[in-house]
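# Topology and contacts: notes
Given next are the chains, with one letter for each unit.
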Amino acid sequence: MVFFNHVTKQYDNGIVALDDVNFFVDKGEFVFIVGSSGAGKSTITKLILCEEHPTGGSILINGINLSELRHREMPCYRRQLGMVFQDFRLLPNKSVFDNIAFAMHVRSATAKEIRRGVPNVLAMVGLSAKAKARPNQLSGGEQQRVALARAMVNNPPVLIADEPTGNLDPTTAEGIMNILEDINKRGTTVITVTHAQDHVNRMKKRVIEIDYGKIVRDEIGGYSNEC
Ligand code: ADP
């Protein structure tokens, strides 16, 4: 569950990136967040990750009020979130298997759990055959699938994908969007920030559109009907 309750974010330079933003994403939903560059989309993900803090209003994630979160509780909180970024952010000197194992290691998984967990998520993203490859031996789409596997290996209740198809061609991007949909069907709440209008229109999910820091649309369906 993700709840933005009258959230405002003004940066130190005076720019109001979010202005009284209200939305509620229920457990198990799939939501796109769209809007032009500078609209405030990344600010939403930064607030969810606690990399930035709101200047007004409150944010609740899975019942946790982020303003009450203590510094020492942060690692535990962040483990509830799977994150995928446009630039994949894989460790270049580690194999696909080890990139994913690392995420399990960080939360003190046992060797047995890792031996079982990594192949499971690699199968989910269709990359079982690439476990030993290094990221630079993979295509962009494959790298993003590894990033998705890594994000999901600890079974987070919420997955945030920030422009996950930004560096990919349309066909590869469709494959990534389909995996996000599969992940959602298994029960994970998925929030995808994207410019990929074609995919948003095709998938007919809930779309929250931001413009100049305000929500201008929140409904099931495609991208903006205008223009
Ligand atoms: P989007 O992700 O939709 O492109 P952002 O959330 O990155 O939009 O930015 C929203 C607004 O906030 C923009 O005007 C941007 O210049 C400003 N902004 C973003 N990050 C910062 C920051 N760290 N300091 C000051 N202004 C920022």
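The text that follows walks through the structure, step by step, so that each part is easy to find. Here the structure is a predicted model, which means the values were calculated and not measured. Sequence order sets the numbering: in each chain, residues are counted from 1 along the sequence as written. In keeping with the model being predicted, local features are shown solely for residues with a pLDDT of at least 70 and side-chain atom pairs are shown and tallied solely at 80 or more, while totals for entire chains, interfaces and linings include all residues. To obtain the side-chain values, all non-hydrogen atoms of the structure were included, while hydrogens and water were left out.

With that out of the way, let us pick up the packing of helix 3 (residues 96–106) against helix 4 (residues 111–124). Note on definitions: angles span 0 to 180 degrees between N-to-C directions of axes, and those axes are lines fitted to C-alpha atoms, for helices only across the stretch in contact. Comment: elements are numbered from the N terminus, with helices defined as DSSP H or I runs of at least four residues and strands as E runs of at least two. Two numbers describe how helix 3 lies on helix 4: the axes approach to 10 Å, and their chain directions differ by 125°. What the angle tells us is that helix 3 and helix 4 run oblique. Here helix 3 and helix 4 pass one another in a crossing that is right-handed. Along its contact with helix 3, which presents Val-96, Phe-97, Ile-100, Ala-101, Met-104 and His-105, the element helix 4 presents Glu-113, Ile-114, Gly-117, Val-118, Pro-119, Val-121 and Leu-122. Comment on the angle field: the value is read as roughly parallel under 35 degrees, roughly antiparallel over 145, roughly perpendicular from 65 to 115, and oblique elsewhere. Left-handed describes a crossing in which the near helix is turned anticlockwise from the far one by less than a right angle; the clockwise case is right-handed. Here, two residues are considered to be in contact whenever any of their heavy atoms come within 4.5 Å of each other.

What is meant by a nonpolar core is a set of buried Ala, Val, Leu, Ile, Met, Phe, Trp, Tyr and Cys residues, joined one to another through side-chain atoms within 4.5 Å. The buried label applies to any residue whose accessible area, calculated with a 1.4 Å probe on protein chains only, is under 20% of its type's maximum; exposed applies above 50%, and partly exposed to all values in between. With 43 residues, the main nonpolar core has Phe-32, Ile-100, Leu-148, Leu-159, Leu-180 and Ile-183 as its most contacted residues. Looking at this core, the elements with two or more residues in it are strand 3 (30–34), helix 3, helix 4, helix 5 (140–152), strand 7 (158–162), helix 6 (170–185) and helix 7 (197–203). Taken domain by domain, the makeup of this core includes at least three residues from each of domain 1 (1–80 + 157–227) and domain 2 (91–155). The residues contacting Ile-100, other than those within four sequence positions of it, are Val-118, Val-121, Leu-122, Val-146, Ala-149, Arg-150 and Val-153. Grouped together as the second largest cluster of nonpolar side chains are 30 residues, Val-25, Ile-61, Ile-191 and Ile-210 included. Throughout, the edges of the domains are those of an automatic or database domain assignment.

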